[in-house]
Amino acid sequence: MYKGHEIAVHTLTHQDLTKLDKDTVYNEVFLDKQNLERMFGCQITGMAYPYGTYNDEVVQILKKCKIQYARSVVSSGAFKLQKNLLIFKPTCHHADENIWELLEKFLKEKSEEKQLFYIWGHSYELEDNSDWGMMEELLKRICGLDDVWYASNIDIMDYIKALSALKFGTDSKTVYNPSCVTVWIEADGEAVKIEPGYNRI
């Protein structure tokens, strides 16, 4: 049932973390992470904030729990890759009235920078609002495109971190990729594949 899906923390009892003391926040996150790792036999590194609420104190506790990214519910309406992955803002909710306009803008966007179209939501909402047909239509529109990468949250987060970690030589012709993730950059108007380790552009 879960094959091909990423499992992430959503806390132990789904409370507003901003209204809890530090120890309780830690337990909410850490124990949920621990339970999921035991249950599914894999490392859990992501999270979705209950009710989308967080503050600086909560973010610091996530770091202690080894959470690498946490999605909020604040729609950015944008496609730019984000720097602060512990306050990750999605492009939009699946019921956003502008979702079709955003999709068209994303598909037409010509940018040298990598772009991310991130939709969030709950499956029960799709069921309650009879929106499965809309979601299937949206997915058909972006399915099978050569220049679109379909990835899980952690795949995207690992890619962003790997891209940020690249170390370029003084001649800009050599680049070291310290991660184990292959990334792509643009050089002289061409897409260049950067494997883990040392690369010559």
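Conventions we followed
- Residues numbered from 1 in each chain as written.
- Predicted model: local features only at pLDDT ≥ 70, side-chain atom pairs only at ≥ 80, totals over all residues.
- Heavy atoms only, no water.
- Helix = DSSP H or I, 4+ residues; strand = E, 2+ residues; numbered from the N terminus.
- Buried < 20%, exposed > 50% of the residue type's maximum accessible area, 1.4 Å probe, protein only.
- Contact = heavy atoms within 4.5 Å.
- Areas by Shrake-Rupley, 256 points an atom, 1.4 Å probe, with all protein chains shown as cover.
- Lys, Arg positive; Asp, Glu negative; His and termini not counted.
- Charge placed at Lys NZ, Arg CZ, Asp CG, Glu CD.
- Axes fitted to C-alpha atoms, helices over the stretch in contact; angles between N-to-C directions.
- Parallel < 35°, antiparallel > 145°, perpendicular 65-115°, else oblique.
- Left-handed = near helix turned anticlockwise from the far one by under 90°.
- Salt bridge = Lys/Arg side-chain N within 4 Å of Asp/Glu carboxyl O.

Engineer: Please clarify how the overall build of the protein chain should be interpreted in this entry.
Structural biologist: Scanning the protein chain from N- to C-terminus turns up six helices and nine strands. Referenced to the eigenvectors of the C-alpha coordinate spread, the extents of the protein chain come out at roughly 50 × 40 × 30 Å. Residues classed as buried in the protein chain amount to 36% of the 201 residues present. In the protein chain, the proportion of contacts linking residues at least 24 apart, taken out of those at least 6 apart, comes to 49%. Carbon and sulfur atoms make up 51% of the accessible area of the protein chain, which amounts to about 12500 Å² in all. Looking at the protein chain, you have 23 positive and 31 negative side-chain charges, and the mean spots of the two groups are 7 Å apart.

Engineer: I keep staring at the packing of helix 1 (residues 22–40) against helix 2 (residues 56–64) and nothing clicks. Help me out?
Structural biologist: Helix packing for two helices is described by the angle between their axes and how far apart those axes are. Here helix 1 crosses helix 2 at 50°, and the two axes come no closer than 10 Å. When the interaxial angle is binned, helix 1 and helix 2 end up oblique. Helix 2 is crossed by helix 1, and the crossing has right-handed handedness. On helix 2, the residues touching Lys22, Val25, Tyr26 and Val29 of helix 1 are Glu57, Val58, Ile61, Leu62 and Lys64.

Engineer: Honestly, the pattern of salt bridges in this entry has me stumped. Any pointers?
Structural biologist: When the charged atoms of two side chains lie near each other, side chains of opposite charge can form a pair. Enumeration according to the criterion identifies four salt bridges in this entry. Residue lysine 33 pairs with glutamate 37 through a salt bridge whose shortest N-O separation is 2.9 Å. Taken together, the residues span about one helical turn, with lysine 33 and glutamate 37 both in helix 1 at a distance of four residues. By relative accessible area, which is 8% here, lysine 33 ends up buried. With a closest N to O distance of 1.8 Å, glutamate 104 and arginine 141 form a salt bridge. In this pair, glutamate 104 sits in helix 3 (residues 99–108) while arginine 141 sits in helix 5 (residues 132–142), placing the two residues 37 residues apart along the sequence.

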